[in-house]
Amino acid sequence: MARTAAPPAPLACSYLHPGGGRGGLLGWVLTTDHKRIALLYLYSILGFVAVGVALGLLMRLELIAPGRTIVGASTYNALFTLHGVIMIFLFIIPGIPAIFGNFILPLQIGARDVAFPRLNLLSWHCYIAGAILAVTALFTGGGPPDTGWTFYAPYSIRTTTNVTLAVFAAFVLGFSSILTGLNFIVTIHRLRARGMGWFRLPLFVWSLYSTAWIQLLATPILAITLLLVMMERLFGLGLFDPARGGDPLLYQHLFWIYSHPAVYIMILPAMGVVSEILPTFARRTIFGYKAIAFSSMAIALFGYLVWGHHMFTSGMSDTSRWIFSLLTFLVAIPSAVKVFNWTATLYKGSIDASPPLLFVFAFVFLFMIGGLTGLMQGALSVNVHVHDTAFVVGHFHYVMFGGAGFGLMAALLYWFPKIFGRLYPRRPVYIALGVLFAGFNLLYFPMLVLGWMGQPRRYYDYLPQFQTGHLISTIGSWVLLVGLLILTVTLMRAARRGPWAPPDPWGGTTLEWRTASPPPVENFAVEPAVTGRPYDYGALGRGAAAPEGR
Amino acid sequence: MSRGMGSTLAAPAQTAHHRDAVGAKLGMWLFLFTELLLFGGLFLLYAVYRTRFPSDFHFAATTLDPLVGTVNTLILLTSSLTMVLAVAALERGRRRAAQAFLAATMALGALFLANKASEWAAKIGHGLFPRSGLLLDRTDGENLFYGLYYGMTGLHALHVLVGLGILAVIWGLLARGPRRGGEAAAERGTERLGSEAAAERGTERLGSEAAAERGIQLENAGLYWHLVDVVWIYLFPLFYLIS
Ligand code: HEM
């Protein structure tokens, strides 16, 4: 990052080059600049993704043949727990908001920074502290936790593995998430540029806004639930201990009251990214701006009321089961509203099949498979059959990885020139996408089939008749890995050596494209004034949409 | 210290945004929401278990002394009063008075904790604590009552403790006087008070601005203190008055 010799012109006055203040490493880890914090998140999150992917590959390798292949049962338990904890708490929940929300949100609303820059830094420090605690939990105490990322009581209270520390790590990470959400809400309320009314906000901002509310209102429930697990383990309060009248089911309720809304923390920002990318590359205003904005809020709201669908088989009254089932179907409506609006946006657009757009197409396709398999499980009769099978594993990888994960990659490709001030070559990215897409479906589609046939989840072993499916899935995991590597190498090289990017390489209309790439420390030389809606290609025309430069 | 870096490059066109009293307060209120939800989870557990074991709960509550609870309620309510008086005093520019009221608030908070600690100590002395032989022989409902009692009042006490820490920091800032206090805040960053909108600015130019910041910080700390108070107002009847 910090070049010692005189930096090339585009970097010289950008946030990437230490023009004053602290230089070197301290200039990064103690920065309060939202753009630098975003990069801190980017690198730390990607680092953990690499670990998580490695663990996933190990699990797939174990499953390549029946019986013990490389690890035994208890190691496998530790593997899926770690994989789950890393992917959920360290990757996909902070994911898009922490990286792109931090970088792009202030730019898109024409602000100089977020409302509480120091709090922003604190939330990154919480993230790192939580991550360190999680890693420590692996090597201390009674060995790596083996409860699954859900920490279900009473097992989580009885196991001798190091659950206490792992749970505390998740607690600290929750803090980081709450602080980010709080910061974004205040930022969006208070720091919009002159003329930027609520319905002139870019849709990415709307999605961050609804996400932030979920972060704020759901995470504390997780916090208290995890605290209780810790108190149970340390002081034995007995609140989830059936031997003393406690009810483990209440743990599940509390856990999912958070963790279901958390699913929308993962997906809503990705949907916001899609709503940014589509109009830019269709050269057309977004179809149904308000419908998309409000559907984000609707998802945030309904998302609170469906937690019971994780518990259809754990023992609930029939009345609550069908109510939760009905509500689950209702959440599909706002999601579908978005998909239809996106499709309509493409209609009669002049489409530029750029890498970000193709990733968005992959997102929509994979997310639809994930969403539709979700609906299947929302139906009580099917749910009883597929509960806790590989079908569920396939489903949530389609949603979280195919949805949120591909959304994150699309966001990276879309804002890459803004963040690093450089362009990347298209061809290797197209190839990476092809490989990724093929690998992804090879990896996860067999899981849907296997689960349907009765393969339980969280098993290190299986019956011989499932061998073919598992073999295909494992091969898919290698293909996927190749795709990820191609993408990573391409982008890493481009970040260092790519040609300089102009301020608005894609012809985007939102404010972040009106400043230099990479942006200067203060974002805009003059506070931008907003005079119309975003994505207004009709009124602006290509000429007016072109960047002002600096 | 991004401001420092920015200053060499361009006029700080938007620094005005970063002295945003409304924003700081909004942030504090949002934080209080999260606190309510945190306790909300425990209240939910309480509600479920109490409906499930009503008579056990009533019986177990007879072991708690309503007098101790009442005294603690009075202590906390009074401390909220002194907190309000501190805020009002600072608003009228009477820094010394504000400090005195703040000290009173802290003293009352400490008294509350002392009272709580002696209550806990007595209970534990009688063998009433989770997994104690005495409790294990009792009914499930009584075990749960005590589990909740320790869990909820413990978490509340922890909040009082944190509150005391926050008030102490503010008291220290007030003691340094407005001008230097502003810089200290900017340097050390008292984020937890929700005041970083003000503290975040690298330099402090005017004493009066610093005083305004102190006001925001004190007010936000007050909001937190009242929240802790409100939570107790619910805990008190739920544990002490149901026998
Ligand atoms: C190369 C990529 C990946 C591979 C090969 C992979 C593979 C797997 C496998 C084999 C399991 C265990 C299935 C079982 O036995 O129950 C699993 C579980 C899981 N994966 Fe992945 N995965 C990958 C990426 C991801 C991503 C990107 C996410 C999240 C965004 C994710 C989230 C999870 C979660 C939450 C679980 C459940 C853990 C538990 O049961 O507690 N995975 N994955």
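Residues numbered from 1 in each chain as written. Chains lettered and ligands numbered in written order. Predicted model: local features only at pLDDT ≥ 70, side-chain atom pairs only at ≥ 80, totals over all residues. Heavy atoms only, no water.

*Asks:* Before we go on, may I ask you to explain the overall build of chain B in this structure?
*Replies:* Per the secondary structure count, chain B includes 10 helices and zero strands. The order of helices and strands in chain B, counted from the N terminus, is α-α-α-α-α-α-α-α-α-α. Within chain B, the proportion of its 243 residues that are buried is 54%. Restricting to contacts in chain B with at least 6 residues of sequence separation, those with at least 24 account for 81%. (Helix = DSSP H or I, 4+ residues; strand = E, 2+ residues; numbered from the N terminus. Buried < 20%, exposed > 50% of the residue type's maximum accessible area, 1.4 Å probe, protein only. Contact = heavy atoms within 4.5 Å.)

*Asks:* Would you explain the environment of B:Leu235 in this entry?
*Replies:* With respect to the helices, strands and loops of the structure, B:Leu235 is situated in helix H10 (residues 207-240). When near neighbours in sequence (up to four residues on either side) are disregarded, B:Leu235 contacts B:Phe43, B:Met152, B:Thr153 and B:His156.

*Asks:* Before we go on, may I ask you to explain a nonpolar patch on the surface in this structure?
*Replies:* Residue and element names in this part refer to chain A. The grouping of Trp 322, Ile 323, Leu 326, Leu 330 and Ile 333 at the surface amounts to a nonpolar patch, some 470 Å² of accessible area in total. Relative to the helices and strands, Leu 330 resides in helix H12 (residues 318-346). The partly exposed category is assigned to Leu 330, whose relative accessible area is 31%. (Patch = residues over 30% accessible without salt bridge, like charges linked within 9 Å, V, L, I, M, F, W, Y side chains within 5 Å. Areas by Shrake-Rupley, 256 points an atom, 1.4 Å probe, with all protein chains shown as cover. Salt bridge = Lys/Arg side-chain N within 4 Å of Asp/Glu carboxyl O.)

*Asks:* Could you clarify how one ought to interpret the confidence of the model for chain B in this entry?
*Replies:* For residues with low pLDDT, the predicted coordinates do not support detailed interpretation. Residues and elements named next belong to chain B. Taken over all residues, the pLDDT of chain B has a mean of 82, while the share at 70 or more is 79%. Scored below 50 in pLDDT, residues 1-18 makes 45 contacts in the model with residues more than four places away or belonging to other chains. In the predicted structure, residues 180-206 sits below a pLDDT of 50 and forms 67 contacts with residues beyond four places in sequence or in another chain. As scored by the predictor, the complex reaches a pTM of 0.89 and an ipTM of 0.87. (pLDDT = per-residue confidence, 0-100.)

*Asks:* What is the right way to look at the site of the ligand in this model?
*Replies:* Residue and element names in this part refer to chain A. Surveying the vicinity of the ligand reveals 26 residues, the closest of which are Tyr 76, His 83, His 397, Arg 457 and Arg 458. A distance of 2.7 Å is found between a nitrogen atom of the ligand and a side-chain nitrogen or oxygen belonging to His 397. Measuring from an oxygen atom of the ligand, one finds a side-chain N or O atom of Arg 457 at 2.9 Å. At the level of secondary structure, the elements contributing two or more residues to the shell around the ligand comprise helix H3 (34-62), helix H4 (73-92), helix H15 (390-420) and helix H16 (426-453). Looking at the shell around the ligand element by element, the count peaks at eight residues for H4. Of the residues that constitute the shell around the ligand, the class distribution is 18 nonpolar, five polar and three charged. (Near = heavy atom within 4 Å. Polar contact = N/O pair within 3.5 Å; in protein donor to acceptor, adjacent residues only side chain to side chain. Nonpolar A, V, L, I, M, F, W, Y, C, P; charged D, E, K, R; others polar.)

*Asks:* Would you explain the side chain of B:Asp229 in this entry?
*Replies:* Residue and element names in this part refer to chain B. By secondary structure assignment, the location of Asp 229 is in helix H10. Within the buried set, Asp 229 has no salt-bridge partner at all; the shortest N-O distance to an opposite charge, 13 Å, is to Lys 116. Looking at Asp 229, its side chain comes within polar contact range of the side chain of Ser 80, at 2.6 Å. Setting aside anything within four residues of it in sequence, one finds Asp 229 in contact with Leu 76, Leu 77 and Ser 80. (Lys, Arg positive; Asp, Glu negative; His and termini not counted.)

*Asks:* Honestly, the nonpolar core in this entry has me stumped. Any pointers?
*Replies:* In terms of nonpolar packing, the biggest core is built from 251 residues, with A:Phe406 and B:Phe239 touching the most fellow members. If you tally residues by element for this core, the top one is helix H10 (residues 248-282) of chain A, at 21 residues. (Core = buried A, V, L, I, M, F, W, Y, C linked by side-chain atoms within 4.5 Å.)

*Asks:* I keep staring at the confidence of the model for chain A and nothing clicks. Help me out?
*Replies:* All names here are of chain A. Chain-level statistics for chain A give a pLDDT mean of 90 and a share of 95% at 70 or above. Of all secondary-structure elements in chain A, the lowest mean pLDDT belongs to helix H18 (residues 537-545), at 52, while H16 reaches the highest, 97. Long-range and interchain partners of residues 1-5, a stretch whose pLDDT sits below 50, account for nine contacts in this model, where long-range means more than four residues apart. Of the regions scoring below 50 in pLDDT, residues 540-550 engages in 16 contacts with residues more than four places distant in sequence or in other chains.

*Asks:* Please clarify how the side chain of A:Ser275 should be interpreted in this entry.
*Replies:* Residues and elements named next belong to chain A. Tracing the chain through its elements places Ser 275 in helix H10. For Ser 275, a relative accessible area of 1% translates into the label buried. With residues near it in sequence (within four places) discarded, Ser 275 still touches Leu 203, Ile 286, Ile 292, Trp 342 and Tyr 535.

*Asks:* How should I be thinking about the packing of helix H8 (residues 163-190) of chain A against helix H9 (residues 203-235) of chain A in this particular structure?
*Replies:* Between two packed helices, what matters for the description is the angle formed by their axes and the separation of those axes. Residues and elements named next belong to chain A. Interhelical geometry of H8 versus H9 gives an angle of 155° and a closest axis separation of 7 Å. Between H8 and H9, the angle is such that the two are roughly antiparallel. Crossing angle aside, the handedness with which H8 passes H9 is left-handed. Split by residue class, the contact of H8 with H9 holds 23 nonpolar, seven polar and one charged. (Axes fitted to C-alpha atoms, helices over the stretch in contact; angles between N-to-C directions. Parallel < 35°, antiparallel > 145°, perpendicular 65-115°, else oblique. Left-handed = near helix turned anticlockwise from the far one by under 90°.)

*Asks:* Mind showing me how you'd approach the packing of aromatic side chains here?
*Replies:* Two descriptors summarise a pair of aromatic rings, namely the distance from one centre to the other and the angle between the planes of the rings. Residues and elements named next belong to chain A. Inspection of the entire model under this criterion finds 56 aromatic pairs over all chains. Where Phe 168 meets Phe 171, the ring centres are 6.1 Å apart and the plane angle is 15°; that geometry is what we call stacked. Taken as a pair, Phe 168 and Phe 171 lie in helix H8 at a separation of three residues, close to a single helical turn. Note on Phe 168: relative accessible area 30%, which makes it partly exposed. Geometrically, the ring pair formed by Phe 281 and Trp 506 is edge-to-face, given 5.3 Å between the ring centres and 70° between the ring planes. Placement of Phe 281 in helix H10 and of Trp 506 in the loop between helix H17 (467-497) and H18 is noted, with a sequence separation of 225 residues between them. With respect to burial, Phe 281 and Trp 506 carry one shared label: buried. The ring of Trp 28 carries the charged tip of Arg 36 above its face, separated from the ring centre by 4.2 Å. Over the ring of Trp 500 we find Arg 422, and its NZ or CZ is 3.9 Å from the ring centre. (Phe/Tyr/Trp six-rings, centres within 6.5 Å; stacked < 30°, edge-to-face > 60°. Lys NZ or Arg CZ within 6 Å of the ring centre and 35° of its normal.)

*Asks:* Looking at this structure, how should I read unusual backbone geometry?
*Replies:* A negative phi holds for most residues other than glycine; trans holds for most peptide bonds. Residue and element names in this part refer to chain A. Residue Pro 154 is reached from Ala 153 by a cis peptide bond, and omega for that bond is 0°. The residue Pro 154 is located in the loop between helix H6 (117-139) and helix H7 (155-158) in this model. Geometrically, the link from Ser 517 to Pro 518 is a cis peptide bond, its omega value of -15° lying close to zero. You can see Pro 518 is positioned in the loop between H17 and H18. A positive phi angle, close to 50°, is found at Phe 151, a residue other than glycine.

*Asks:* Which parts of the structure should I look at to understand the pattern of salt bridges?
*Replies:* Side chains that differ in sign of charge can pair as their charged atoms come close. Residue and element names in this part refer to chain A. Under the defined criterion, the tally for this structure stands at 12 salt bridges over all chains. Across the pair Asp 352 and Arg 426 runs a salt bridge whose closest N-O atoms are separated by 3.6 Å. Of this pair, Asp 352 sits in the loop between H12 and helix H13 (355-378) while Arg 426 sits in helix H16, and the two are 74 residues apart along the sequence. Accessibility expressed as a relative area gives 23% for Asp 352, which makes it partly exposed. For Arg 426, a relative accessible area of 33% translates into the label partly exposed. Through salt bridges with shared partners, a single network forms among Arg 158, Asp 241 and Arg 244.

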